[in-house]
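Each chain, letter by letter, is given below.
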Amino acid sequence: MLDEAVRVDRCGLKVEPGRRPDERALLRFALDAPRAGAAGCGLEWLGGDLGEESWIVETDVRSGRSGDIDWRRAGDLLFLALERTDDPAADPRQAVESAYEHLLAMADEAGCRQLLRAWNYLPAINAGEGDGERYRRFCLGRAAALEQAGYGAGELCAGTAIGSDEPRLRIYLLCAPSAGVNIENPRQVSAYHYPRRYGPRSPSFARATALAGPDGSALLMISGTASVVGHRTVHAGDAAAQLEELIRNLESLLAESAGKLDRPGLATFDETSLLRVYVRRAADWPAVERRLAERWPGVRLAGLRGDVCRSDLLVEIEAVSRS
Ligand code: 3EB
C-alpha cells in the first residue's frame, strides 16, 4: 500500500528528538521554549523529555520567505509556516480562509499540492457559543479554502488544532507532489463525517497519514487524538478516564496502521515514538505523564498546556512513530 505513497525514502525523512543543524532539518519544533528558526506552538511547556523535535533529511534543504510565509524544501518535501496576529475576540473564519488560500496556492505553485501533515494553533479556540465557537468558525474557513482549491475528503491529511493563549494564528503544512496513505480509526467516525451538531462544516483531517521512509520503513504521523468514541466525547470532566479512552483510541489506530501498511512493528509505540501531549489543565500533567511512561516505556514526551478544540475534552495526544 505504501508503494503508491509519496516516496520520501530518497530524502530519508526521519523524526528525532533534539536539535539538528539547519541544513539537515526540513523542520524543527521548539516545544520547551521559543527558538529562532524553529516552529513553535505558542503553548506553555509543562514538562517531559521532548523539548525539541527535528524532522531531518539526507538531501539538501533550501529555504526562503514569500510574503509572510516561510518555506523549506528538501527534494519532494515542502514545509510551509505561517504566523499572523489573530484577535481572540474576533471571528476567525475569514482570517483562516485567507491564510489557507495563501498556503495552498504556494504549495500548488511549488508542485506540492498533496497535504501530508497540518498543525493549527489559534487563540481562544473555545470562545463563542454554539456555531459561533471560534473552533467551528476556524473549521468553516479551513473547509472553504480547501473546497475552493478543489481538495476532496480523500485528500486531507493528519492534523492538529489546538487553542493557545497568545493572540497569534500559526499554521504549519507539510506537503509533496504525491499523497501519503491516510488511515482512519475503527473506534471513531472519520472527523470529516462528524454529524452537523458539532458545527456547520466538519473538521478537515484524517486520523493518521503514513509515508514511505528510508530502507522500507514507514513513518506514521498520528493526528491529535482525544477521548472521542464514534463521534461523541466520553468521560467529560474526568481527565484520568479520558486518558484511558485516548490510549485505547491510539492502540486501535496503531493496530489498524500496522495491518493496513503491513508493518507489524507499528502496532505499539517504542523508543522511536515522539508524543506531543496537550492538556487543558496544567495540574493534570504529572498524572498524565506517569501513566504514558507506564503504558509505553521509552517513548519521548512533550507536555504542553493547550485548549483542546471541544470544550469538554481535557487531553489530546499527537504522535510520530516509525517501523
Ligand atoms: C477530534 O477527535 C479531536 O480540526 O484539525 C483533533 C485533531 C481534533 C485535529 C482539527 C481536531 C483537529 O475531533 C479534535
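Note: the structure precedes this text.
Residues numbered from 1 in each chain as written. Predicted model: local features only at pLDDT ≥ 70, side-chain atom pairs only at ≥ 80, totals over all residues. Heavy atoms only, no water.

### A look at the pairing of strand 7 (residues 77-85)
Put simply, the rule is: Each residue's exposure class comes from its accessible area (1.4 Å probe, protein chains only) as a fraction of the maximum for that residue type: buried when under 20%, exposed when over 50%, partly exposed otherwise. Numbering goes from the N terminus for both helices and strands, where a helix is a DSSP run of H or I of at least four residues and a strand is a run of E of at least two. Pairing between strands is defined by DSSP: at least two bridges between them are needed.
Burial of strand 7 is extensive: 7 of the 9 residues sit out of reach of the surface. Where strand 6 (residues 69-74) and strand 7 come together, 6 bridges link them in antiparallel fashion. Across the sheet, Trp71 pairs through a bridge with Leu80, a residue of strand 7. Between the antiparallel neighbours strand 6 and strand 7 lie 2 residues, among them Gly75 with a positive phi of about 55°. Pairing analysis gives 8 bridges linking strand 7 to strand 10 (residues 168-176), with the strands arranged antiparallel. Each bridged residue has a counterpart across the sheet, and for Glu83 the counterpart in strand 10 is Arg170.

### With respect to the side chain of Thr225
The cut-off we apply is this: Two N or O atoms form a polar contact when they lie within 3.5 Å of each other; inside protein one atom must be a possible hydrogen donor and the other a possible acceptor, and for residues adjacent in sequence the pair counts only when both atoms belong to side chains. Throughout, a residue-residue contact means that at least one pair of heavy atoms, one from each residue, lies within 4.5 Å.
Relative to the helices and strands, Thr225 is located in strand 13 (residues 218-225). Within the structure, Thr225 has its side chain in polar contact with the backbone oxygen of Ser223 (distance 2.8 Å). Once residues lying within four places of it in the same chain are set aside, the contact partners of Thr225 are Leu246, Asn249, Leu250, Val315, Glu316 and Ile317.

### Looking at the pattern of salt bridges
Just so we agree on the cut-off: Any Lys or Arg side-chain nitrogen located within 4 Å of an Asp or Glu carboxyl oxygen qualifies as a salt bridge.
Counting across every chain of the model gives 33 salt bridges. With a closest N to O distance of 2.6 Å, Glu83 and Arg168 form a salt bridge. Taken together, the residues span a long stretch of sequence, with Glu83 in strand 7 and Arg168 in strand 10 at a distance of 85 residues. Its salt-bridge partner being Arg137, residue Asp91 comes within 2.8 Å of it at the nearest N-O pair. Note that Asp91 is positioned in the loop between strand 7 and helix 1 (93-109) and Arg137 in helix 2 (residues 134-148), a separation of 46 residues in sequence. Three or more residues joined by partner-sharing salt bridges are found here, namely Arg19, Asp22, Arg28, Asp32, Arg35 and Glu52.

### Describing the packing of helix 1 against helix 2
In a packed pair of helices, the relevant descriptors are the angle between the two axes and the axis-to-axis distance. Applied cut-off: Fitted lines through C-alpha atoms give the axes, limited to the stretch in contact for helices. The angle between two N-to-C directions lies from 0 to 180 degrees. We call a crossing left-handed when the near helix sits turned anticlockwise from the far one by less than a right angle, and right-handed when that turn is clockwise.
Orientation of helix 1 relative to helix 2, taken along the N-to-C sense of each, is 35°, at an axis distance of 7 Å. As for how helix 1 packs across helix 2, the hand of that crossing is right-handed. Taken together, the residues of helix 2 that come into contact with helix 1 (itself represented by Arg93, Val96, Glu97, Tyr100, Glu101 and Leu104) are Arg137, Phe138, Leu140, Gly141, Arg142, Ala144, Ala145 and Leu146.

### What about the site of the ligand?
Rule in force here: Residues are counted as near a molecule or strand when any one of their heavy atoms sits within 4 Å of it. For the accessible areas, the method is Shrake-Rupley and the probe is 1.4 Å, while residue cover comes only from the protein chains on display. Each residue is assigned to one of three groups, with Ala, Val, Leu, Ile, Met, Phe, Trp, Tyr, Cys and Pro labelled nonpolar, Asp, Glu, Lys and Arg labelled charged, and all others, Gly among them, labelled polar.
Neighbouring residues of the ligand: 13 residues in total, closest Tyr135, Arg142, Tyr194, Arg207 and Cys309. Here an oxygen atom of the ligand and a side-chain polar atom of Tyr135 are 2.5 Å apart. In the environment of the ligand, an oxygen atom lies 3.0 Å from a nitrogen or oxygen atom belonging to the side chain of Arg207. Within the complex, 99% of the 360 Å² of free accessible area of the ligand lies under protein. Those elements giving two or more residues to the shell around the ligand turn out to be helix 2 and strand 9 (158-164). At 3 residues, strand 9 tops the list of elements feeding residues into the shell around the ligand. Residue classes in the shell around the ligand are distributed as 7 nonpolar, 3 polar and 3 charged.

### What about the pairing of strand 6?
Judged from the 5 bridges that link them, strand 5 (residues 62-66) and strand 6 form a sheet pairing that is antiparallel. The partner of Arg65 across the bridge, within strand 6, is Asp70. Counting the residues between successive antiparallel strands, the hairpin from strand 5 to strand 6 contains 2 residues, one of them, Gly67, with a positive phi of roughly 60°.

### Re the nonpolar core
Nonpolar side chains tend toward joint burial in soluble globular proteins. For clarity, the threshold we go by: In this text, buried Ala, Val, Leu, Ile, Met, Phe, Trp, Tyr and Cys residues form a nonpolar core when linked through side-chain atoms within 4.5 Å.
Core analysis: the largest hydrophobic core is formed by 33 residues, its most contacted members being Phe29, Trp55, Val57, Leu77, Phe79, Tyr121 and Tyr172. When contributions to this core are tallied by element, the ones reaching two or more residues are strand 2 (25-30), strand 7, strand 8 (114-123), strand 10, strand 13, strand 16 (274-279) and strand 17 (300-305). With sequence-adjacent residues up to four places away left out, Tyr121 is seen in contact with Gly40, Cys41, Leu43, Thr160, Ile162, Arg168, Leu169, Arg170, Tyr172, Arg276, Tyr278 and Glu318.

### Quick look at helix 2
An α-helical turn contains 3.6 residues, so any two residues separated by three or four positions project in the same direction. Convention followed: Each residue after the first adds 1.5 Å to the expected span of a helix.
For helix 2, which comprises 15 residues, the first-to-last C-alpha distance of 21 Å matches the rise-based estimate of 21 Å (1.5 Å per residue) to within 8%. Most of helix 2 sits out of view: 12 of its 15 residues are buried. The inward-facing, buried residues of helix 2 abut helix 1, strand 8 and strand 9. Downstream of helix 2 by a residue or two, Gly150 has a phi angle that is positive, lying close to 85°.

### Remarks on the packing of aromatic side chains
Selection criterion: The criterion for an aromatic pair is that two Phe, Tyr or Trp rings (for Trp, the six-membered ring) have centres within 6.5 Å, with stacked assigned to planes under 30 degrees apart, edge-to-face to planes over 60 apart and tilted to the rest.
For the structure on display, the rule yields 8 aromatic pairs. Between Phe29 and Tyr172, the aromatic rings sit 5.4 Å apart at their centres with planes inclined by 90°, giving edge-to-face as the arrangement. Separated by 143 residues along the polypeptide, Phe29 in strand 2 and Tyr172 in strand 10 bring together distant segments of the chain. Centroid distance Tyr135 to Phe138: 6.1 Å. Interplanar angle 20°. Geometry classified as stacked. Here the residue Tyr135 and the residue Phe138 both occupy positions in helix 2, the gap between them amounting to 3 residues, near one helical turn. Residue Tyr135 is classed as buried on the basis of its relative accessible area of 7%. For Phe138, a relative accessible area of 0% translates into the label buried.

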